[in-house]
Protein chains: 4
Amino acid sequence: VTTTGSADDGYRFKRRVPFHETDLAGIVHFSWFFRYMEEAEHALWRAAGLSIDRAGAETGWPRVSASFDFKNALFFEDEFEVVVRVATVTRRTIQYAFVVMRGDTTIGTGAMTAACARKQPGLPLQAVDVLPDIVAKLRAAAGQSPS
Amino acid sequence: VTTTGSADDGYRFKRRVPFHETDLAGIVHFSWFFRYMEEAEHALWRAAGLSIDRAGAETGWPRVSASFDFKNALFFEDEFEVVVRVATVTRRTIQYAFVVMRGDTTIGTGAMTAACARKQPGLPLQAVDVLPDIVAKLRAAAGQSPS
Amino acid sequence: VTTTGSADDGYRFKRRVPFHETDLAGIVHFSWFFRYMEEAEHALWRAAGLSIDRAGAETGWPRVSASFDFKNALFFEDEFEVVVRVATVTRRTIQYAFVVMRGDTTIGTGAMTAACARKQPGLPLQAVDVLPDIVAKLRAAAGQSPS
Amino acid sequence: VTTTGSADDGYRFKRRVPFHETDLAGIVHFSWFFRYMEEAEHALWRAAGLSIDRAGAETGWPRVSASFDFKNALFFEDEFEVVVRVATVTRRTIQYAFVVMRGDTTIGTGAMTAACARKQPGLPLQAVDVLPDIVAKLRAAAGQSPS
């Protein structure tokens with residue numbers, strides 16, 4: 001089930017670049033974009049009235065894959081937005097799509113897939129089905145159509 | 001020259017704990033508090049209409065020392081404040097004092113001293129005098145009395 | 001120009017998981033795998049008698065894309081290896097392929113593409129051709145055939 | 001109980017600076033020294049045949065305070081050593097002292113105090129007494145006299 005969104009949808013997570021995220025090339029180190037994506041994902045969950053992956057929670061969302069294409073650099077104190085949408089949902093995974101923007105400049109685009117897993121003390125994570133209600137709430141918070 | 005502030009002064013920098021700042025003990029890893037202090041320092045500079053330590057800037061502020069005392073833990077998605085004040089100013093250094101608060105709970109207190117240095121391509125940093133105007137603006141932004 | 005390597009080739013970069021790389025789920029935070037890949041890439045460069053991306057260097061290697069597929073978790077104090085090989089080389093980019101292993105367990109696989117760029121003070125990075133000699137040295141250090 | 005060590009004692013933890021630990025000033029970001037100290041502390045524990053702070057362990061070592069004085073900068077790919085010793089031990093805390101060296105150059109000195117705490121699921125950490133045997137093993141691994 002793939003959702004093709006309009007150019008405008010997506011939850012917009014705002015962020016500023018602190019000093020410690022830069023590297024000796026004078027730009028944000030590329031590894032940070034993966035953290036930006038996760039921060040935006042969690043902000044989307046909060047916007048949907050949900051929380052994710054707390055210690056002690058019964059359900060976790062381990063990452064299955066993550067990728068990012070870098071178009072332009074981000075610099076110290078730049079203000080930027082991470083636009084996040086629900087992309088592909090399978091029985092046991094949610095894939096999110098991301099665009100990082102500084103004003104009208106596209107900094108890069110990425111994707112991240114998380115699996116739904118049951119956490120039980122002393123046991124390995126066990127894959128479980130994604131609750132449809134969670135997907136519906138996330139889509140709504142991202143301004144996407146219900147399915 | 002030491003400034004003793006009232007309990008209320010200080011610039012308040014707000015922040016939330018993202019997932020990647022936690023460690024396997026389930027709390028924010030202690031090293032992050034040093035980044036929180038710097039983020040608050042730079043927010044104070046912006047509030048004072050200044051910017052700090054950009055690439056290509058003629059003046060930098062390398063850290064001379066930093067310390068933090070940990071009182072309580074911070075957790076995933078906690079919202080907290082870093083209250084920053086100008087503490088001790090010497091000819092060539094500014095020391096900042098910090099209190100990290102989550103609501104009424106003190107998470108910890110810290111201090112950080114930065115030296116004023118001239119940066120010239122290909123040369124080592126050279127200590128230079130702190131401009132009084134900068135200190136005055138920082139104190140004002142922190143709600144502190146002028147000297 | 002794609003190189004298909006044997007199962008055995010690749011430079012092996014050894015690493016251990018420190019405490020601060022774990023998150024509240026008790027495992028290494030997924031963002032670290034992108035840093036592991038870069039650390040292995042740079043270790044390959046050193047093994048090839050080269051160095052990469054120093055401040056002041058005339059040539060830099062900004063990342064164009066990075067991706068990782070997560071198979072198993074890494075834990076605190078785990079010892080693991082990042083096996084890195086030169087994958088696809090185009091006129092102006094080098095793509096590396098990575099496998100992260102803990103003993104016989106595959107932790108995950110990834111890829112990273114870096115562009116060759118000329119750095120000049122005050123100017124944007126400019127794409128330039130990859131020197132064939134660099135590619136030859138990297139392949140040799142990774143135990144790969146010359147082309 | 002304070003231990004004054006000779007200039008030579010201390011466990012020596014070796015490390016190299018990866019790219020992602022540098023900042024736009026071209027040097028290792030100061031926050032990393034706090035992670036270096038913890039990495040050296042844990043290496044000392046391993047050298048003593050102990051492990052620290054694993055998930056599920058009954059005892060944890062939350063940080064009480066940490067400080068560092070910065071003397072010289074570290075740069076990309078620098079090899080350096082963190083020399084760690086047991087400094088002051090109280091009934092419920094261990095303080096470690098650190099010196100970071102690059103060859104004969106002192107990069108900085110620091111201290112970190114950890115409290116011994118019992119971890120029980122669902123309960124706050126509870127301070128407990130430091131086992132004398134642990135201190136003896138750590139001192140031995142650091143080449144320090146028994147008390």
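Structure's up top.
Residues numbered from 1 in each chain as written. Chains lettered and ligands numbered in written order. Predicted model: local features only at pLDDT ≥ 70, side-chain atom pairs only at ≥ 80, totals over all residues. Heavy atoms only, no water.

Draft legend 1. How the structure looks around the overall build of chain A. Secondary structure summary: chain A contains two helices and eight strands in total. Reading chain A from its N end, one meets helices and strands in the order β-α-β-β-β-β-β-β-β-α. By the compact-globule yardstick of 15 Å for 147 residues, chain A fits well, its C-alpha radius of gyration being 16 Å. Considering only C-alpha atoms, chain A reaches an extent of 45 × 40 × 25 Å along its principal axes. Here chain A, with 147 residues, has 54% of them falling under the buried criterion. When the accessible surface of chain A is summed, it comes to about 6200 Å², and 52% of that surface belongs to carbon and sulfur atoms. The centroid of the 17 positive side-chain charges in chain A is displaced by 6 Å from the centroid of its 17 negative side-chain charges. (Helix = DSSP H or I, 4+ residues; strand = E, 2+ residues; numbered from the N terminus. Rg over C-alpha atoms; globule rule 2.2 N^0.38 Å. Buried < 20%, exposed > 50% of the residue type's maximum accessible area, 1.4 Å probe, protein only. Areas by Shrake-Rupley, 256 points an atom, 1.4 Å probe, with all protein chains shown as cover. Lys, Arg positive; Asp, Glu negative; His and termini not counted. Charge placed at Lys NZ, Arg CZ, Asp CG, Glu CD.)

Draft legend 2. View of the packing of aromatic side chains. Residues and elements named next belong to chain A. For the coordinates displayed, the defined rule picks out 48 aromatic pairs over all chains. Plain terms: the ring middles of Phe 34 and Phe 68 are 6.3 Å apart, the flat faces sit at 70° to each other, and that makes the pair edge-to-face. One end of the pair, Phe 34, is in helix α1 (residues 32–47); the other, Phe 68, is in strand β3 (residues 63–70), with 34 residues separating them in the sequence. Over the ring of Trp 32 we find Arg 35; its NZ or CZ atom is 4.7 Å from the centre of that ring. (Phe/Tyr/Trp six-rings, centres within 6.5 Å; stacked < 30°, edge-to-face > 60°. Lys NZ or Arg CZ within 6 Å of the ring centre and 35° of its normal.)

Draft legend 3. The arrangement of the relation of the copies chain D and chain C in detail. Superposition record for chain D on chain C: RMSD 0.0 Å, screw rotation 180°, translation along axis 0.0 Å. These values place the two chain copies in the arrangement generated by a two-fold rotation axis. Proximity to the rotation axis, assessed at the C-alpha, singles out Arg 15 of chain D in chain D; its C-alpha lies 5.4 Å from the axis. In this assembly, 100% of the residues forming the interface of chain D have copies in chain C that are likewise at the interface, indicating an isologous arrangement. (Least-squares fit on C-alpha atoms with pLDDT ≥ 70 in both. Contact = heavy atoms within 4.5 Å.)

Draft legend 4. Main features of the interface of chain C and chain A. If you look at the interface, chain C gives 20 residues, while chain A gives 20 residues. Both sides together, the interface formed by chain C and chain A hides about 1700 Å², and carbon and sulfur atoms give 60% of it. At the boundary of chain C with chain A, the tally comes to zero salt bridges. Along the contact surface separating chain C from chain A lie eight residue pairs in polar contact (both at pLDDT 80 or more). Among the secondary structure elements, those contributing two or more residues to the side of chain C that touches chain A are α1 (32–47) and β3 (63–70) of chain C. (Buried area = accessible area lost by both parts, 1.4 Å probe. Salt bridge = Lys/Arg side-chain N within 4 Å of Asp/Glu carboxyl O. Polar contact = N/O pair within 3.5 Å; in protein donor to acceptor, adjacent residues only side chain to side chain.)

Draft legend 5. Structural context of the side chain of Thr 93 of chain A. Residue and element names in this part refer to chain A. With respect to the helices and strands, Thr 93 occurs in strand β5 (residues 93–102). Polar side-chain contacts of Thr 93 include one of 2.4 Å to the side chain of Thr 90. In this structure, Thr 93 is in contact with Thr 88, Thr 113, Ala 114, Ala 115 and Val 130, ignoring residues within four places of it in sequence.

Draft legend 6. Seen up close, the sheet that holds strand β1 (residues 11–16) of chain C. Pairing in this open sheet of ten strands is antiparallel, and the strands run β1(A)-β4(A)-β5(A)-β6(A)-β3(A)-β3(C)-β6(C)-β5(C)-β4(C)-β1(C) from one edge to the other. Only two strands of the sheet have a single neighbouring strand rather than two, namely β1 (11–16) of chain A together with β1 of chain C. The sheet shows a mean angle of 20° between the axes of neighbouring strands, taken without regard to direction. Relative to strand β5 (residues 93–102) of chain C, strand β4 (residues 79–89) of chain C runs antiparallel, the two being bridged by seven bridges. Looking at β5 of chain C, one finds that Val 82 of chain C is bridged to Val 100 of chain C. Relative to strand β4 (residues 79–89) of chain A, helix α2 (residues 132–141) of chain A is tilted by about 145°, and along the sheet it contacts β1, β4 and β5 of chain A. (Pairing = 2+ DSSP bridges. Axes fitted to C-alpha atoms, helices over the stretch in contact; angles between N-to-C directions.)

Draft legend 7. Layout of helix α1 (residues 32–47) of chain B. Residue and element names in this part refer to chain B. Between its first and last C-alpha, α1 extends 22 Å over 16 residues, near the 22 Å set by a 1.5 Å rise per residue. For α1, the buried fraction is high: 14 of the 16 residues fall into the buried class. The first or second residue beyond α1 is Gly 49, which carries a positive phi of 80°. (Expected span 1.5 Å × (residues − 1).)

Draft legend 8. Structural detail: the environment of Arg 16 of chain D. Position of Arg 16 of chain D relative to the elements: it lies in strand β1 (residues 11–16). In sequence terms Arg 16 of chain D and Gly 110 of chain D are 94 residues apart; their C-alpha atoms lie 19 Å from each other.

Draft legend 9. Region of interest: the packing of α1 of chain C against helix α2 (residues 132–141) of chain C. Residue and element names in this part refer to chain C. Orientation of α1 relative to α2, taken along the N-to-C sense of each, is 100°, at an axis distance of 8 Å. The pairing of α1 with α2 is recorded here as roughly perpendicular in orientation. Touching Leu 44, Trp 45 and Ala 47 of α1 are Ile 134, Leu 138 and Ala 141, all from α2. For the contact of α1 with α2, the per-class residue count stands at six nonpolar, no polar and no charged. (Parallel < 35°, antiparallel > 145°, perpendicular 65-115°, else oblique. Nonpolar A, V, L, I, M, F, W, Y, C, P; charged D, E, K, R; others polar.)

Draft legend 10. Focus on the interface of chain D and chain C. Across the contact, 16 residues belong to chain D and 16 residues belong to chain C. For the pair chain D and chain C, the two sides together bury roughly 1700 Å², of which 51% comes from carbon and sulfur. In this structure, the connection of chain D to chain C is made through two salt bridges. One salt bridge connects Arg 46 of chain D with Glu 77 of chain C, and the closest N-O pair in it is separated by 2.9 Å. Inspection of the chain D/chain C interface yields four residue pairs in polar contact (both at pLDDT 80 or more). With six residues, helix α1 (residues 32–47) of chain D is the single largest residue contributor to the side of chain D that touches chain C.

Draft legend 11. Here's a closer look at the pattern of salt bridges. Taken as a whole, this structure holds 52 salt bridges over all chains when the rule is applied. Here Glu 21 of chain B ties to Arg 15 of chain B by a salt bridge, and the two come within 2.9 Å at their closest N and O atoms. In terms of burial, Glu 21 of chain B and Arg 15 of chain B fall into one category: buried. The structure contains a network of salt bridges with shared partners spanning Arg 12, Lys 14 and Glu 81 of chain A.

Draft legend 12. The arrangement of the environment of Thr 109 of chain A in detail. Residues and elements named next belong to chain A. Its place among the elements puts Thr 109 in strand β6 (residues 105–115). What makes Thr 109 partly exposed here is its relative accessible area of 28%. Sequence separation of Thr 109 and Val 135 is 26 residues, and the distance between their C-alpha atoms is 22 Å. Setting aside residues no more than four positions away along its own chain, Thr 109 makes contact with Ser 67, Phe 68, Asp 69, Lys 71, Phe 98 and Val 99.

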